[in-house]
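Close look at the chain arrangement
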Amino acid sequence: MSKPENPLEVVVITGMSGSGKSVALHALEDAGYYCVDNLPPELLTAFVALEHAHHGHRVAVAMDVRSATALPLLPRQLASLREQGVQLRLLFLDASTGTLVRRFSETRRRHPLSGDELLEGRQALVQTLELERELLAELREQSHVIDTGSLRPSQLLSYVKDLLAVPPSHLTLVFQSFAFKRGIPFDADYVFDVRMLPNPHYEPELRELTGKDAPVADYLHQQPEVGLMLSHIARFLDQWLPALAQNHRSYVTVAIGCTGGQHRSVYLVEQLHARFAGTWNTLLRHRELDSPAVKKLRG
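Residues numbered from 1 in each chain as written. Predicted model: local features only at pLDDT ≥ 70, side-chain atom pairs only at ≥ 80, totals over all residues. Heavy atoms only, no water.

**Digging into the overall build of the chain**
- In terms of regular secondary structure, the chain is built from eleven helices and nine strands.
- Counting only C-alpha atoms, the chain reaches 60 × 50 × 30 Å along its principal axes.
- The buried share of the chain, taken over its 299 residues, is 47%.
- A separation threshold of at least 6 residues defines the contact pool for the chain, and within that pool the share at least 24 residues apart is 79%. (Helix = DSSP H or I, 4+ residues; strand = E, 2+ residues; numbered from the N terminus. Buried < 20%, exposed > 50% of the residue type's maximum accessible area, 1.4 Å probe, protein only. Contact = heavy atoms within 4.5 Å.)

This is how it looks when you write it as structure tokens:
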């Protein structure tokens with residue numbers, strides 16, 4: 001297949017069983033992609049060539065451990081497609097083992113690696129999930145990881161659509177705020193802990209606001225430590241992002257965490273997003289503020 005004048009866009013969705021791959025595939029289908037679930041890896045290049053011959057330009061395929069024996073073939077096929085001018089996006093959906101165990105328990109589904117018999121007990125399922133992580137480790141390293149552990153289907157749909165809106169040929173920076181008390185995001189490439197900074201939570205008039213609100217932003221802007229932290233993170237990214245782009249990284253997720261994910265981390269993520277939006281493709285996420293449960297609590 002020669003390099004097409006209008007490059008074929010191919011999105012490969014993979015990840016842990018129970019992480020929400022079917023939801024992501026539905027988002028791509030809604031966006032106009034021709035979608036195929038559980039395509040055997042050995043058929044990928046032939047399938048892409050067929051779509052190109054039929055003048056298709058947007059294709060999405062889902063692959064996972066249901067094709068475990070053929071997964072080692074996939075990295076070579078992906079490299080071949082890139083050499084042919086295909087614009088590739090690799091999305092890896094993940095969640096903590098505890099979250100995946102709970103989802104399997106709720107749906108009573110059998111894990112693809114469990115064989116003919118139903119898994120007996122939590123420990124057997126945990127061991128199977130760890131085996132799956134080992135099998136998918138190389139593919140995860142090449143992909144943009146989305147942690148679906150705290151996401152509802154509607155949020156995952158939104159995240160995938162945001163990623164599709166970004167040109168595929170450039171590095172994209174994803175800035176994400178989070179609360180340490182709810183765990184570090186699985187999809188973070190870099191994590192910065194800002195819990196040592198002055199906390200607006202202890203100012204009564206700021207407690208119910210967020211880092212997106214002007215009074216909180218003004219308060220934090222006046223704190224020298226906050227400005228120093230912001231400049232250090234920006235300097236680090238300025239130094240290393242060009243090298244990451246040259247290494248063919250498509251996405252880099254920078255996670256900023258504070259205690260509750262409401263004030264300090266939100267403010268810094270907003271500032272970093274504004275700082276880098278003129279140089280790189282950027283996306284903005286606030287894990288706790290975007291959570292339906294948190295929105296309900298805040299009224």
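Still more ground to cover, so stick around.
**Some thoughts on the nonpolar core**
- Judged by nonpolar contacts, the single largest core of 29 residues is most densely connected at Leu173, Ile256, Leu268 and Phe276.
- Counting residues per element, the ones that place at least two in this core are strand 6 (172-179), helix 7 (214-221), helix 8 (224-246), strand 8 (251-258) and helix 9 (264-276).
- With eight residues, the single largest contributor to this core is helix 8.
- Dropping the residues within four chain positions of it, Leu268 is found in contact with Val194, Leu197, Val226, Met229, Leu230 and Ile256.
- In this structure, Ala24, Tyr33, Leu91 and Val174 belong to the second largest nonpolar core, which totals 22 residues. (Core = buried A, V, L, I, M, F, W, Y, C linked by side-chain atoms within 4.5 Å.)

**Thoughts on the packing of helix 1 (residues 21-30) against helix 6 (residues 153-164)**
- Orientation of helix 1 relative to helix 6, taken along the N-to-C sense of each, is 50 degrees, at an axis distance of 9 Å. The orientation of helix 1 relative to helix 6 falls into the category oblique. Taken as a pair, helix 1 and helix 6 cross one another with a handedness that is right-handed. Touching Val23, Ala24, His26, Ala27 and Leu28 of helix 1 are Pro153, Leu156, Leu157, Val160, Lys161 and Leu164, all from helix 6.
- A class-by-class count of the residues in the contact of helix 1 with helix 6 yields nine nonpolar, one polar and one charged. (Axes fitted to C-alpha atoms, helices over the stretch in contact; angles between N-to-C directions. Parallel < 35°, antiparallel > 145°, perpendicular 65-115°, else oblique. Left-handed = near helix turned anticlockwise from the far one by under 90°. Nonpolar A, V, L, I, M, F, W, Y, C, P; charged D, E, K, R; others polar.)

**Structural notes on the pairing of strand 3 (residues 58-62)**
- Strand 3 sits mainly inside the fold: four of its five residues count as buried.
- Here strand 2 (residues 34-37) runs beside strand 3; their pairing, made up of four bridges, is parallel. Bridge pairing links Tyr34 to Val59 in strand 3. (Pairing = 2+ DSSP bridges.)

**Here's the deal with the sheet that holds strand 2**
- Pairing in this open sheet of five strands is parallel, and the strands run 2-3-1-4-5 from one edge to the other. A single partner strand is all that each edge strand has here, and the edge strands are strand 2 and strand 5 (144-147). Pairwise comparison of adjacent strand axes, ignoring direction, gives a mean angle of 20 degrees for this sheet.
- As paired elements, strand 1 (residues 9-15) and strand 4 (residues 87-94) share seven bridges and run parallel to each other. Bridging across to strand 4, Val11 finds its partner in Arg89.
- Taken strand by strand, helix 2 (residues 44-53) contacts strand 1, strand 2 and strand 3, and its axis lies near 155 degrees from that of strand 3.

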